[in-house]
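One-letter residues, chain by chain:
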Amino acid sequence: MTSRVALVTGGTGGIGTAICKRLARAGHRVATNYRNEEKARAWEQAARAEGFDFTIVPGDVSKPEEAAAMVRRVEEALGPVEILVNNAGITRDSTFHKMTPEQWNDVIATNLNSCFNVTRPVIEGMRERKWGRIVQISSINGQKGQYGQANYAAAKAGMHGFTISLAQENAKLGITVNTVSPGYIGTDMVMAVPEAVREKIVAQIPTGRLGEPDEIAYAVSFFVAEEAAWITGANLAANGGQYMGW
Ligand code: CAA
């Protein structure tokens, strides 16, 4: 197989860690960014103990200059980014009538503006080299909406609009752009949902359980494979059957 340079934003989080590990096991050279150096170094050490050699660089993806600097540092360390996974994301859940401008803006900036901020510095190189894989990690809640997540659902739905436009613009240049829409996965983000609310959500999942981070990483590995060259503009749901839109 061909070893590619992969940048996974938010790689130190629950789903991000699984994506980094799966891409590394597939032979790719994987980088991620961090905002909290102490947490990131601990993550790097734990991964190293398992035999992974990740490149970690500072950068807040919600800020254009920091995202551009982050891409530059990754490219200096590993070479041009060939696989980009826009995975970084946060929640600031609140019913809309109580939502503050900060809760709205933080989620739009980190989950959606980040797609512009990180993809913009890598797309020209991908177009010149005529090869690229871009994957947005959206959410089931971008597809179906969610009580308490007007900000998050707007950002996540926006990510797929971004996917399908970029997919059209870059299809002739060997670049595929796709979305994975995870359902509720057993990560810190989902465990932060009040237990009573979470139990009601799990009861709506046909598989009867939360997903595993690696079940999302598997979907990402499908899209970034060399053989997936004709799959672009797709949105792959991985949600245990909780939402079966088509
Ligand atoms: N549908 C209908 N009514 C609901 C509801 C729902 N899904 N959830 C809450 N309500 C109702 C409650 O029953 C309650 O009604 P009463 O006042 O009549 O009793 C009212 O809304 C207020 O509910 P809360 O007491 O929970 O209100 P709150 O302000 O304390 O919290 C909330 C509101 C922040 C939205 C909280 O309910 C919550 O955290 N919900 C979970 C949201 C969620 O699913 N987030 C996903 C995070 S994980 C993630 O985002 C990853 C991913 O991609 C899947």
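Residues numbered from 1 in each chain as written. Predicted model: local features only at pLDDT ≥ 70, side-chain atom pairs only at ≥ 80, totals over all residues. Heavy atoms only, no water.

Under the annotation held in an unreviewed UniProt entry, the protein chain carries the name Beta-ketoacyl-ACP reductase and is attributed to Luteimonas granuli. In the Sequence similarities (unreviewed entry) part of its UniProt record, the protein chain is described as follows: "Belongs to the short-chain dehydrogenases/reductases (SDR) family." (UniProt positions renumbered as here; feature names shortened; annotations may be inferred.)

Caption draft 1: A look at the pattern of salt bridges. Inspection of the entire model under this criterion finds eleven salt bridges. Of the charged contacts, one joins Glu44 and Arg41 as a salt bridge, the two residues approaching to 3.0 Å between their closest N and O atoms. One end of the pair, Glu44, and the other, Arg41, are both in helix α2 (residues 37-49), three residues apart, so they sit about a helical turn from each other. Judged by its relative accessible area of 9%, Glu44 falls in the buried class. In this structure Arg41 comes out as partly exposed when scored by relative accessible area, which is 34%. Between Glu44 and Arg48 there is a salt bridge; the shortest N-O distance is 3.4 Å. Remark: Arg48 and Glu44 occur in helix α2; sequence separation between them is four residues, near one turn of the helix. Judged by relative accessible area, Arg48 falls into the partly exposed class, the value being 41%. (Salt bridge = Lys/Arg side-chain N within 4 Å of Asp/Glu carboxyl O. Helix = DSSP H or I, 4+ residues; strand = E, 2+ residues; numbered from the N terminus. Buried < 20%, exposed > 50% of the residue type's maximum accessible area, 1.4 Å probe, protein only.)

Caption draft 2: Broad picture of the sheet that holds strand β3 (residues 55-58). Within the open sheet, the seven strands sit side by side as β3-β2-β1-β4-β5-β6-β7. Their pairing is parallel. Edge positions in the sheet fall to β3 and β7 (235-238), since each has one partner strand and no second. Within the sheet, the average angular offset between the axes of one strand and its neighbour, ignoring direction, is 20°. Pairing between strand β6 (residues 175-182) and β7: four bridges, direction parallel. Residue pairing for β7: Val180 is matched across the bridge by Leu236. Its contacts with the sheet place helix α6 (residues 150-170) against β4 (83-86), β5 (132-137), β6 and β7, and it is angled at close to 160° to β6. (Pairing = 2+ DSSP bridges. Axes fitted to C-alpha atoms, helices over the stretch in contact; angles between N-to-C directions. Contact = heavy atoms within 4.5 Å.)

Caption draft 3: Focus on the site of the ligand. As a matter of local geometry, the ligand sits amid 18 residues, with Asp93, Ser139, Tyr147, Tyr152 and Tyr184 nearest to it. Between the ligand and the protein, one listed contact pairs an oxygen atom with a side-chain N or O atom of Gln146 at 3.3 Å. Between the ligand and Tyr152, the relevant distance is 2.7 Å, taken from an oxygen atom to a side-chain nitrogen or oxygen of the residue. Surface burial for the ligand is 57%, taken as the share of its 1100 Å² of free accessible area covered by protein chains. Taken together, the residues of the shell around the ligand sort by class into nine nonpolar, seven polar and two charged. (Near = heavy atom within 4 Å. Polar contact = N/O pair within 3.5 Å; in protein donor to acceptor, adjacent residues only side chain to side chain. Areas by Shrake-Rupley, 256 points an atom, 1.4 Å probe, with all protein chains shown as cover. Nonpolar A, V, L, I, M, F, W, Y, C, P; charged D, E, K, R; others polar.)

Caption draft 4: Structural detail: the UniProt feature "domain: Ketoreductase" (unreviewed entry) in the protein chain. The feature "domain: Ketoreductase" (unreviewed entry), as annotated in UniProt, sits at residues 4-188 in this numbering. Segment residues 4-188 splits into 52% helix and 17% strand. End C-alpha atoms: 29 Å apart.

Caption draft 5: Here's a closer look at the packing of helix α4 (residues 101-129) against α6. Their axes nearest at 8 Å, the elements α4 and α6 cross at an angle of 15°. The orientation of α4 relative to α6 falls into the category roughly parallel. Considering the relative orientation of α4 and α6, their crossing is right-handed. Residues Gln103, Trp104, Val107, Ile108, Asn111, Leu112, Cys115, Phe116, Thr119, Ile123 and Arg127 of α4 lie in contact with α6, whose contacting residues are Ala150, Asn151, Tyr152, Ala154, Ala155, Lys156, Gly158, Met159, Phe162, Leu166, Glu169 and Asn170. (Parallel < 35°, antiparallel > 145°, perpendicular 65-115°, else oblique. Left-handed = near helix turned anticlockwise from the far one by under 90°.)

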